[in-house]
Amino acid sequence: MVNGGNLAERLKNFHSGTDYRTYEFFGCIKLFKGKFSFRVWAPHAVKVDLCLCADGERRLIPMQKCCDGESFEVETYAAVGNRYFYVITTADGRILEKADPYAFASDLKTFRSVVSQLPKKSDYTPKRHNGPMNVYEVNLLSWKRHPDNSCYSYLDLARELVPYVKEMGYTHVEFMPVTEFPFDGSWGYQVTGYFAVTSRMGTPREFKCLIDAFHAEGIKVILDWVPAHFPKDAWGLYEFDGQPLYECPLWDRMEYPGWGTRRFDFGRAEVDNFLLSAAYFFIDRFRIDGLRVDAVASMLYLDYDNPAGGFTPNIYGDNRNLEGIGFIKKLNTVIKENAPCVLMFAEESTAFPLVTASVKDGGLGFDYKWNMGWMNDVLFYCRQDPYFRSHHHNKLTFSMVYSFSENFILPLSHDEVVHVKGSIVNKMSGNYEDKFAGERLLLAFMYAHPGKKLNFMGYEVAQFKEWDYAAGLDLFLADRFALHKRMREFVKTLNYFYLEAKPLYEIDRDWKGFKWLVVDDNYHNVIAFTRYAENGESLTAVLNFSGVDQLGYRIGIEEGKYRIVLNTDDSRFGGKGTLKKKVFFSKKETGSDGEYSLTMDIPRLTCVYLIKEN
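What you see is a predicted model, and the numbers here were worked out from it, not measured in a lab. (Residues numbered from 1 in each chain as written. Predicted model: local features only at pLDDT ≥ 70, side-chain atom pairs only at ≥ 80, totals over all residues. Heavy atoms only, no water.)

(A) Examining the sheet that holds strand β28 (residues 561–567) more closely. Here 6 strands make up an open sheet; going across it, the order is β24-β25-β26-β32-β28-β29 and the pairing antiparallel. The open sheet has two edge strands with one neighbour each: β24 (514–521) and β29 (583–585). Strand after strand, the sheet turns through a mean of 25° between neighbouring axes, direction not considered. Pairing of β24 with strand β25 (residues 526–532), which is carried by 5 bridges, proceeds in the antiparallel orientation. By the bridge assignment for β25, V518 is matched with A528. Against the sheet, helix α11 (residues 432–448) contacts β25, β26 (538–544) and β32 (606–613), and its axis sits at roughly 40° relative to β32. (Pairing = 2+ DSSP bridges. Helix = DSSP H or I, 4+ residues; strand = E, 2+ residues; numbered from the N terminus. Axes fitted to C-alpha atoms, helices over the stretch in contact; angles between N-to-C directions. Contact = heavy atoms within 4.5 Å.)

(B) Examining the environment of L276 more closely. Along the polypeptide, L276 turns up in helix α4 (residues 269–286). Residues L276 and F398, spaced 122 residues apart in sequence, show a C-alpha to C-alpha distance of 37 Å. Excluding its chain neighbours within four sequence positions, the residues that come into contact with L276 are Y20, F327, K330 and L331.

(C) Molecular detail of the packing of helix α7 (residues 372–383) against α11. Two elements in contact, α7 and α11, have axes whose closest approach is 11 Å; the angle formed by their N-to-C orientations is 150°. Between α7 and α11, the interaxial angle falls into the category roughly antiparallel. As α7 runs across α11, the sense of the crossing is right-handed. Where α7 approaches α11, its residues W374, V378, L379 and C382 are matched on the opposing element by L442, F445 and M446. In terms of residue class, the contact of α7 with α11 is made up of 7 nonpolar, no polar and no charged. (Parallel < 35°, antiparallel > 145°, perpendicular 65-115°, else oblique. Left-handed = near helix turned anticlockwise from the far one by under 90°. Nonpolar A, V, L, I, M, F, W, Y, C, P; charged D, E, K, R; others polar.)

(D) How the structure looks around the side chain of S106. By the secondary structure assignment, S106 is in strand β9 (residues 106–107). Ignoring anything within four residues of it in the chain, the contact list for S106 reads R112, S113, V114, E180, A196 and S199.

(E) The pattern of salt bridges, seen in detail. Taken as a whole and judged by the stated rule, the model has 39 salt bridges. Two residues, E97 and R112, come together in a salt bridge whose shortest N-O distance is 3.0 Å. Of the two residues, E97 is situated in strand β8 (residues 95–98) and R112 in strand β10 (residues 112–114); the sequence distance between them amounts to 15 residues. We classify E97 as partly exposed; its relative accessible area is 36%. Looking at R112, the relative accessible area reads 15%, which means it is buried. Between K208 and D212 there is a salt bridge, with its nearest N and O atoms 2.7 Å apart. Of this pair, K208 and D212 both sit in helix α3 (residues 204–216), 4 residues apart, which is roughly one turn of the helix. Owing to a relative accessible area of 25%, D212 belongs among the partly exposed residues under this scheme. By sharing partners, the salt bridges in this structure join K232, E239, E247, E255 and R262 into a single network. (Salt bridge = Lys/Arg side-chain N within 4 Å of Asp/Glu carboxyl O. Buried < 20%, exposed > 50% of the residue type's maximum accessible area, 1.4 Å probe, protein only.)

(F) Fine view of the packing of aromatic side chains. Counted by the stated rule, this structure contains 58 aromatic pairs. Considering the side-chain rings of F14 and F26, the 4.8 Å spacing of their centres and the 65° angle between planes classify their relative orientation as edge-to-face. Taken as a pair, F14 in helix α1 (residues 4–16) and F26 in the loop between α1 and β1 (27–32) lie far apart in primary sequence, 12 residues in all. As far as the burial class goes, F14 and F26 line up, both buried. Ring centres of Y194 and F264 lie 5.7 Å apart, and the angle between their planes is 80°; this geometry places the pair in the edge-to-face category. In this pair, Y194 is assigned in strand β14 (residues 193–197) and F264 in the loop between β18 (261–263) and α4, connecting sequence segments 70 residues apart. Each member of the pair Y194 and F264 is classed as buried. Stacked on the ring of F85, the Lys or Arg R112 has its end atom at 3.8 Å from the ring centre. Geometry around F181 places R200 over its ring, the cationic atom sitting 3.9 Å from the centre. (Phe/Tyr/Trp six-rings, centres within 6.5 Å; stacked < 30°, edge-to-face > 60°. Lys NZ or Arg CZ within 6 Å of the ring centre and 35° of its normal.)

(G) Here's a closer look at empty space enclosed by the protein. This model, assessed by the stated rule, comprises 7 cavities of 30 Å³ or more. Of the pockets and cavities examined, the largest cavity occupies roughly 130 Å³. Considering the residues around the largest cavity, the lining is formed by 15 residues, among which V417, F456, M457, G458 and Y459 are closest to the centre. Per-class residue counts for the lining of the largest cavity are 8 nonpolar, 5 polar and 2 charged. (1 Å grid on protein atoms, 1.4 Å probe; cavity = no way out; pocket = protein on both sides within 12 Å on 5 of 7 lines; lining within 4 Å. Points joined across faces, edges and corners; volume = space filled by probe spheres on them.)

(H) Examining the pairing of strand β2 (residues 35–41) more closely. Counting buried positions over the 7 residues of β2 gives 7, a clear majority of the element. Judged by which residues are buried, β2 turns out to be covered on both faces: K35, S37, R39 and W41 on one side and F36, F38 and V40 on the other are all buried. Inspection of the sheet shows β1 paired to β2 by 5 bridges, in the antiparallel sense. Its bridge partner lying in β2, F32 is registered against K35. Connecting β1 to the next strand, β2, in antiparallel fashion are 2 residues, including K33 with a positive phi near 40°. Pairing analysis gives 7 bridges linking β2 to strand β6 (residues 71–77), with the strands arranged antiparallel. Bridge pairing links V40 to F72 in β6.

The analysis is restricted to geometry; functional conclusions fall outside its scope.
Next comes the structure, spelled out in structure tokens:
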């Protein structure tokens, strides 16, 4: 409850851009004994009425201007579950019906806001994460479906998704956007309710039950969040009070033509506060552990998605969006000051510098950046017939040129298994069995490469069809077909191996954790490298991306005894099982690098991990 004096102060802070919990006084707030306050920011409106829908009837209740002269409010009796919306009279006499930007719940059928009470906060507090990070990216609406193709509820997912993620050995789960959106085909990336989880799967209380269930199993939860743009639905944020309000009014900053959406007006205090509050809301009320910020690049550049010459340069004469950059820095500063253990991830696809450097050091302040370059290069390479891979060898190795410039997470995300790009297994070159071998090889390379890991749902059972947002995954494949079952066993084994292998995650941002052994053998399509832990423990990865076995292959390596601890060609994973030898000794002879070398047979399309034994 916000009293009059406190409200005046908070509205002042809202307009100055310093209140990050505006959901506590805007929107529909319960007061006492069935009475609620309704408050909305609409500075250009001539008049605003609240339309409250209950028992098949509508009540139109006039709202009064607040002390700031830009917002409207009213107190009235209502019941949880009642629908409501605002009726706005514009300066030019139009009548607009608008959903509440701060609503905690929405009715997807009517696009009306819903009177709702939030669940109590849990006692869980995000803790600092310093260990391995292996993220399972999931679209909650299409992980599984009921026999009638209706989506699972939040409670269904708490019963089935949580134990599945736990059993498979993931440390984190990342939800694709769950904030309310009208069009299924947007996958949640065209948001109309920034404080409302989608009603397709249940209520805010039930969503919290899902979060709590993951936390009870020690799994951290990341939400995909979309602050760059919003759709032009007439009842949404679009020209909310009759003219641009949440969107930028400037001709070259108002829209993303390619997306058909409006850009937020970064730098306007009230809009920044709206977005900052929307981000902090899920940290404050649902205790999430991280936010993945979508489309960061679109907020960094004035000419993003604009035709050539279709933008006005900034005051320095270049294409940087100074207001967007300022908002991002403010976002990460606010989150770190109020929830220092919450992780911030940037989906940023350009070479913009210092994305994961601290704001005080001139950076954007994110904890991690998606390594889109690694993803694009490696998947391009894997699509090539092994006979031609020698021409593209740098696609495997180039990422190490910049791998330590940022704090990276390696993604094989949902974007790579849609729009006729093919599923992960179906991207792999070769025949049916080769495709499975190729995916195992790809994943083993990914887990050995510096950087945290993120994989989209479905790759673990080698689903051949592309992801379909309107249907469940083909998880049954692992129950009916041997190679699919063994792929799931491989992924599970790899996940658990990663959790215990300190060399694969302890030093992800420094050359002292990585050493090339074979880097330029494009003729044989072979690479090899060693990863190191803080205590000096090492793990060597040897990878043969060619279509033929490499017999008697020699690798320059440190003196010692080496044992194979994981082999993607193992028959229990669906491989041929041709490599029988498990232990190797390096010999004092000239190798590809150094005084000692190790000679081994490397089966085609295979990765082996070796550890050095004392």
